[in-house]
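# Residue-level structure breakdown
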Amino acid sequence: MGQSLNRSDLSEVLECSSPDSTLSGAMGDLSDIAGDRDVEVLIECAEAYSREGGSPENPLYGSEIQRHMSMAFSKYPGHEGLISLAFSIVTRNDAVCKNKPPSEELLPIACELLNHSLNSFATIGSNWRVHHKALVIVVKQLRQYPGHLPALCDVAILAHLINGMLDISMQRDSQIALQAGMDLVELLKLLDKCQLDELSTRGVYNHLWTLLQDCESIRPDYLIQIITCTEYFVPRAELLTENVSLCLLHMAKQLPSNQELQRRIWNLFTAHCKLSAELTKQVLALNTLDAAVAVLQQDNVPISCFVLEFLEGCRKTAPQTLSQFCLKQDSVGEVLMKITVPDGYFEQMCGLLACLIDNCSVMTCAKLFQFKMVSRLEDCARKVPQHCIPVACRSIEKVLILLSSDTIFLAHQQEDNFQIFKTQFFGEDHHLFIQDMLTCIKTSSQAEFVYTLLQRFVRVCPQESIPSISTPYFVKGFITGFSRDIVLFPEQIRRIVFSAHVFLFQIKIKSVIEIFRDVGFHTTVINIIRRSESHDILTVMVTVSFLSLLTSKYHEYLKDLKPLLNCNMLDTLIEKVFLFGHDERTQFGDDVTRIFLTMTADKDIAQELFRNNYIERLLDLLGANFPSIIQRCAIHSIGNIALGGHKVKQVLTDRYVHHLLLDILKEKAESEDTYLLSACGRLLHILASCDSVKREFVELGCVDTLLRVLRSKRDHAEVCWRALGLLSSLGFITAVHRRYVVNQDVLDMVVDVLSASAHGKVISYAALILLAIAELDDGIVRLREMGIHRPLDKATRSSIYKIQGPDLERWAGHVLEKLSLYTVAGDPAVVPNVSLLEPRRSSNDWPPLLANPFLPVDKCAAAQVGSDNNLDLSCHSPVAVGLDDAAKQQLLQLGIDASQPVFRVGRVYGGSHGLCSNCEMDGLSEELVIRSNGLTPHQYQSLIDNGWYRRGGVKMFRLRQNHRVQCCDWETRVSVEQFDYKLSKHYSKVVRRMPMARLTVESLPTHFSQDAFLLYNEYNFKKHDKTAKSKQSYIEHAVDSVISNQTVNGIQYGTYHQLYRLDGKLVAVGLIDIVPKGIVSAYMWYSLDKEVSKYSLGVYSALKEIEMVRELSKKNPEMKYYYLQGWNDSNKKLAYKANYPPEEFYCACITPEWLPSLEAVKEAKEKYLQQHTQDQNGHPSSTPIAEETTDKDKKVSTDVPCIALEKDRAKYQQLTGHKPDVSKIVVCLNYTTYMRLGEMFSKYSVDQSQKEIMERRFEELLVAIGPHLGANLVVDLKVAPSVS
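In this text the structure is predicted, and so the values were computed from the model without any measurement.

What counts as what
Residues numbered from 1 in each chain as written. Predicted model: local features only at pLDDT ≥ 70, side-chain atom pairs only at ≥ 80, totals over all residues. Heavy atoms only, no water. Helix = DSSP H or I, 4+ residues; strand = E, 2+ residues; numbered from the N terminus. Buried < 20%, exposed > 50% of the residue type's maximum accessible area, 1.4 Å probe, protein only. Contact = heavy atoms within 4.5 Å. Areas by Shrake-Rupley, 256 points an atom, 1.4 Å probe, with all protein chains shown as cover. Phe/Tyr/Trp six-rings, centres within 6.5 Å; stacked < 30°, edge-to-face > 60°. Lys NZ or Arg CZ within 6 Å of the ring centre and 35° of its normal. 1 Å grid on protein atoms, 1.4 Å probe; cavity = no way out; pocket = protein on both sides within 12 Å on 5 of 7 lines; lining within 4 Å. Points joined across faces, edges and corners; volume = space filled by probe spheres on them. Nonpolar A, V, L, I, M, F, W, Y, C, P; charged D, E, K, R; others polar. pLDDT = per-residue confidence, 0-100. Salt bridge = Lys/Arg side-chain N within 4 Å of Asp/Glu carboxyl O. Axes fitted to C-alpha atoms, helices over the stretch in contact; angles between N-to-C directions. Parallel < 35°, antiparallel > 145°, perpendicular 65-115°, else oblique. Left-handed = near helix turned anticlockwise from the far one by under 90°. Core = buried A, V, L, I, M, F, W, Y, C linked by side-chain atoms within 4.5 Å. Polar contact = N/O pair within 3.5 Å; in protein donor to acceptor, adjacent residues only side chain to side chain. Expected span 1.5 Å × (residues − 1). Disulfide = S-S within 2.5 Å.

## Topic: the overall build of the protein chain
- A tally of regular secondary structure across the protein chain gives 64 helices and 19 strands.
- Of all 1284 residues assigned to the protein chain, the portion counted as buried reaches 55%.
- Contacts in the protein chain between residues at least 24 apart in sequence constitute 74% of all its contacts with a sequence separation of at least 6.
- Accessible surface for the protein chain amounts to roughly 55,300 Å². Of this, 50% is attributable to carbon and sulfur atoms.

## Some words on the packing of aromatic side chains
- The final tally for this structure, using the stated rule, is 30 aromatic pairs.
- Ring geometry for Phe269 against Phe310: centres 6.3 Å apart, planes inclined by 65°, an arrangement best described as edge-to-face. Of this pair, Phe269 sits in helix H14 (residues 259-273) while Phe310 sits in helix H17 (residues 301-317); the two residues are 41 residues apart in sequence, bridging distant segments of the chain.
- Summarising the aromatic geometry, the rings of Phe482 and Phe546 are spaced 6.4 Å apart at their centres and angled 50° between planes, so their arrangement reads as tilted. Highlighted residues: Phe482 in helix H28 (residues 472-488) and Phe546 in helix H32 (residues 537-558), separated in sequence by 64 residues.
- Phe482 sits in the buried class, given a relative accessible area of 0%.
- An aromatic cluster of at least three residues, connected via ring pairs, comprises Phe474, Phe478, Phe482, Phe503, Phe516, Phe521 and Phe546.
- If you follow Arg973 out to its NZ or CZ, it ends over the ring of Tyr1121, 3.9 Å from the centre.
- Sitting above the plane of the Trp1154 ring, Arg973 keeps its charged end 4.1 Å from the centroid.

## Here we look at the layout of surface pockets
- The volume enclosed by the second largest pocket comes to roughly 740 Å³.
- Lining the second largest pocket are 26 residues, and of these Asp793, Gly813, Leu816, Glu817 and Ile1253 lie nearest its centre.
- For the lining of the second largest pocket, the secondary-structure elements that each account for two or more residues are helix H50 (789-797), helix H52 (808-822), strand S3 (907-915), strand S4 (922-931) and helix H64 (1248-1270).
- Per element, the largest residue contribution to the lining of the second largest pocket is eight residues, and it comes from H52.
- The class makeup of the residues in the lining of the second largest pocket is four nonpolar, nine polar and 13 charged.

## Some thoughts on unusual backbone geometry
- Backbone torsion omega between Pro1141 and Pro1142 reads -5°, so that peptide bond is classified as cis.
- Relative to the helices and strands, Pro1142 resides in the loop between strand S12 (1121-1127) and strand S13 (1143-1146).
- Of note in the backbone geometry, Tyr656 takes a positive phi value of approximately 60° without being a glycine.
- Along the chain, Tyr656 falls in the loop between helix H40 (646-654) and helix H41 (657-668).
- For Asn1049, which is not a glycine, the phi torsion comes out positive at approximately 55°.

## Some words on the confidence of the model for the protein chain
- Per-residue pLDDT for the protein chain has a mean of 76; in total, 70% of the residues score no lower than 70.
- The low-confidence segment residues 1-24, where pLDDT is below 50, has 32 contacts with residues more than four positions distant or belonging to other chains.
- Note on residues 55-61: pLDDT is under 50 here. Beyond four places in sequence and across chains, it has 13 contacts.

## A word on the pattern of salt bridges
- On inspection of all chains with the given rule, the structure shows 38 salt bridges.
- In this structure, the salt-bridge partner of Glu312 is Lys316, at a minimum N-O distance of 4.0 Å. On the criterion of helical spacing, the pair formed by Glu312 and Lys316 is a turn pair, its members being four residues apart in helix H17.
- Its salt-bridge partner being Glu1239, residue Lys1243 comes within 2.8 Å of it at the nearest N-O pair. In this pair, Lys1243 and Glu1239 are both assigned in helix H63 (residues 1237-1243), four residues apart and thus about one turn of the helix distant.
- Connected through salt bridges with shared partners, the residues Glu817, Glu926, Arg960, Arg1257 and Glu1260 form a single ionic network.

## What about the packing of helix H45 (residues 717-731) against helix H48 (residues 760-774)?
- Where H45 meets H48, the axes come as close as 8 Å, and the angle between the chain directions of the two elements is 15°. The orientation of H45 with respect to H48, classified from their angle, is roughly parallel. With respect to the hand of their crossing, H45 and H48 are arranged in left-handed fashion. Between H45 and H48, the residues in contact are Ala717, Cys720, Trp721, Leu724, Gly725, Leu727, Ser728 and Gly731 and Lys761, Val762, Tyr765, Ala766, Leu768, Ile769 and Ala772, respectively.

## Section: the nonpolar core
- Judged by nonpolar contacts, the single largest core of 287 residues is most densely connected at Trp266, Phe478, Phe516 and Met1240.
- No other element matches H48, which puts twelve residues into this core.
- Excluding its chain neighbours within four sequence positions, the residues that come into contact with Met1240 are Val824, Val1227, Leu1229, Met1235, Val1246, Met1254 and Leu1277.
- If you look at the next biggest cluster of nonpolar residues, it comprises 52 residues, including Tyr1019, Leu1071, Tyr1095 and Leu1097.

## Let's talk about the side chain of Gln435
- On the secondary structure map, Gln435 appears in helix H26 (residues 430-440).
- Relative accessible area serves as the criterion here: at 5%, Gln435 is assigned to the buried category.
- Within polar-contact distance, the side chain of Gln435 engages the backbone oxygen of Tyr473 at 3.5 Å.
- Beyond its immediate chain neighbours, meaning those up to four positions away, Gln435 contacts Tyr473 and Phe474.

## Concerning the environment of Ala898
- Looking at the secondary structure, you find Ala898 in the loop between helix H54 (885-893) and strand S2 (903-905).
- Linking Ala898 and Asn1272, residues 374 residues apart in sequence, is a C-alpha distance of 8.7 Å.
- The contacts of Ala898, once residues within four sequence positions are left out, are Lys888 and Leu892.

## Considering the pairing of strand S6 (residues 970-975)
- Across the six residues that make up S6, a large majority, six, are buried.
- Residues Trp970, Thr972 and Val974 of S6 are buried on one face, and the alternating residues Glu971, Arg973 and Ser975, pointing to the opposite face, are buried as well.

## Here's the deal with H52
- An ideal rise of 1.5 Å per residue puts 21 Å on 15 residues; H52 measures up with 21 Å between its terminal C-alpha atoms.
- Judged by how many residues are buried, H52 sits mostly within the fold: twelve of 15 residues are covered.
- Within the span of H52, buried status applies to Leu808, Trp811, Ala812, His814, Val815, Leu816, Glu817, Lys818, Leu819, Ser820, Leu821 and Tyr822.

## Observations concerning the packing of helix H56 (residues 985-993) against helix H60 (residues 1097-1112)
- The contact between H56 and H60 brings their axes to 10 Å, and the two run at 95°. For the element pair H56 / H60, the angle class is roughly perpendicular. Here His986, Tyr987, Val990 and Val991 of H56 lie close against H60, whose contacting residues are Val1099, Tyr1100 and Leu1103.
- Each residue belonging to the contact of H56 with H60 can be placed in one class, and the counts come to six nonpolar, one polar and no charged.

## Details of the state of the cysteines
- Under the defined criterion, the tally for this structure stands at zero disulfides.
- Cysteine Cys273 remains unbridged, with the sulfur of Cys314 as its closest cysteine sulfur at 3.9 Å.
- According to the relative accessible area criterion, Cys273 is buried, its value standing at 0%.
- Free of any disulfide, Cys350 has its nearest cysteine sulfur in Cys388, 3.7 Å distant.

## With respect to the environment of Asp673
- Turning to its location among the elements, Asp673 is positioned in the loop between H41 and helix H42 (674-687).
- For Asp673, a relative accessible area of 17% gives the class buried.
- Spatially, the C-alpha atoms of Asp673 and Ser628 are 7.6 Å apart, while their sequence positions differ by 45 residues.
- A polar contact is formed between the side chain of Asp673 and the side chain of Ser628, at a distance of 2.2 Å.

This is the structure:
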């Protein structure tokens, strides 16, 4: 090294020359640094240069200084002054150059200087640590020249330096420590770009991890810097070791309000968890949720955001794991329910709650309800519905699925909890959330989720909670959403409509159904069907099904289907039926059927459809190209319309609908289409209500077709009883035609049905057919021969049959009774069989007589059954054949005066009605019925005096019993002597108004008249809506009579037609019986034309007939009554009969005598009720009885049945002085052999059951007709072969 330069010399040089030249010269003299003194001179020169304003940008300055410093470092590597000088030069250069990098040629020297400095720094120790900032600046400058950074290759030295800086940064409450920490972070970030991999492999970052593990001793702001640095370059999977994580979580719990620290910690955990589900599970296993709860409990909105983001990250990677940890800790549920959700984080909160709900199990279900997570979820979803609707709806649906069945809960022995949870859930207003979401739907997917949730909610909702979703507010909101969404989201129509279907199905509140009707909801639904394309069969199916439900709701709760009719619903459905093909029609045929049947079941709607000619449209649906389901829909609908009255039936028969149905029935008789067969049978049964149609059915081969159906469908109950029902209706055709229907083939089928079927209705209709057969003499004998009473008796004793067929006991009972009363077992060959009555026949002799209908029938003969409109039946009337000498001799031997008229009874039986005609309620009403011919006027009068009455024809009726007092009919007669029509303004007006000059009245014995027949059918059709009768039916009702016409003392007794004509035209006919004590009004029919009806012909005829009695009384003073027959004050149709005072009343069930006034009737009723409502001790019964108000101040119980037999017995015994002895009644076997009943019991095979029936019924007959007629009573019986 050259001559040393001391401090004074250097000063002199500096003072004498320019700084640059002097310094250059001085540096030149230091070409070889020999010792410490030279180093000090170097340092002083540099500092002096700096003080004198030397520019660091001077290349000479930079090169000389750095060259000499390099030399000094090589000789004195640990010289503190050199290190300080080096770093001060670097720092000054950074400040002056404003962070500009040094010149290119200085870079090698700078790198060498930096290496010497780092080397010296590592060896000197802590005294040099204050220069770390300069190191950072150098690195910052050099990083812009990546090519020279490899000069910093001594990684060990750099790591040692970092370690020293870490030590400084750990000093507490030191500005230097804070600065050191910041510089360290910046240094590490600078090194990251070039030497991260090398440093990490050498374990430099272990210092950071160590520091994080001891984070409790580090100030929060330092920790934030360290976390920032570590987060920057350490692989996330390696960063959060268990110890580091625990330390961070501890710091998070200790400093929950440090926003920046919380942000760094939770962001670090969030980033870590997003890497994999396994890492998430590891993090959560460290009780991370405890720290999260501690932070969230501060309810610091900004900090809560960081925790929510962490939870959201966990949810995305490991939702089930997160749910398991959350549901184990009650604190999590509590804090989630209480914290304030930051704006913008409702979606995250919603997703978190949904995650917990979705992964909830039966065992953790209590937490869900304990913390009301569903309500919290709904609140969050309401804030941002457009983002949360899918998540919230899906999760709530999961809860509903969990509550939909207790099976899962039972498996975990949680039955009690199931009921508690379900009650709690539906006790909250969750339906309001659905309503809110309905108003927020903006997309198709949202509509899908909301309406699916609605379906599930309504299905699971218990019945007691249904009112909460049935409020007008909710329903109106639903209707609004429905109407909007079916237009906006056509791809969701099926889902929306089905949701509406599920919703409406649960509604059972009338006021709510009214809302649907009032807003025209049905029109919206129908428009969906109208807009549906032909290929969109699924939409049509779902919508028609919903429309079917809507129709049933309108019908059940509102009884108002007119809105559906007014919006042309049926037209729309029929158009769709025609639009679709065969397969599509089959798919929605059931719902179409239900709609049509519901609509047509309403009488008013059916009438409107009939007026609008809907029958034509329905008939179009019976074509062969329509599936069976549509055909039977049309048939059933037509049947419902036909129930509206006989006018409709007439139209249908005029259209030959029955021909079409019979063709279908014939074609499908052996097919498996049982529903169609049942529908055809039903409608044919409805149409078979008049004799003319019945005859046409027979002529078309209906009986044979029905037998085919019965043979092939014997195992199908409904088809069987429909066919048997139609067959029974045909069986009750007029007596003269009946033998063409109830033949041996029919009887054999009935027997097979009785033995094979176990269905009550089948047995009931089979019994009804037997009842029709029993009306024929040959038929009753044949039934006896076949022993039909045995299976019938078994059926009536079976409780199963009684439940299934409520009419079975009544119908079968009638058959059994008639078998017992009309026949007796014996050898018919011993007793001759002749006919007592010989009918007078027309010259055409139609229909052809069949000797025995139960022998094989000539098909051609049977086919001749047809119309009798062109036949002359004017002389058709049965007459009595007198007793021959042999009969008179037998009667004399029995003690009967044969010279006196015999009271001969051809049939006696009990008739019953299941439906009361007065109250229209189910209640038994029974009559005693006898069939007789050729009664003398006095015999007929005796029957009337004892309460018998005639409705027309050859049968007499008498009330046996009734289910309640108020429903008993009273026989009524007007006391002609005291009656004065002038006392009534109404009657006087009727008489004055009648045009006497135009009116003619004629009385003729009953006979067939075409004019009267036509008027009869017109009256019944218009007045009572009954189908037209055949001539034979008309004769049986309005011509034939039980009384034979006789003239006594100038009075023509018997049955007559009162013919009223206006201007020669027949306008009214009265059917009257003239008897010794007056006139009986049996029936009346008249014209209903406006021109005629204004004269009140019904009232006038009664006044006229009363006047006739008054005139006849001049010849016979005993003729003083006008008999109006049945009256009941509770029946409006009969009430008019009490309007002709003074009147007398008689009811065999209540009183044995005629009562003089209505007041007496009232008193008799009350007395009867008092007598029959006492207990066994004779005291008034305490049993409550239904009451009906009959007086303002008094109520009369009406549920007490009334029976005539006891009163008749008492009256008979009073008149005769002894009890009735039925054994002395005379019976006539086969119209030839006469004997006492007791003798017959001993001679013929009469079992105990038959004997009891005969004794009971004959006793009832004997006391009902009275001792006068009973003295000459003869009852006809038939002898039938014995049955083994």
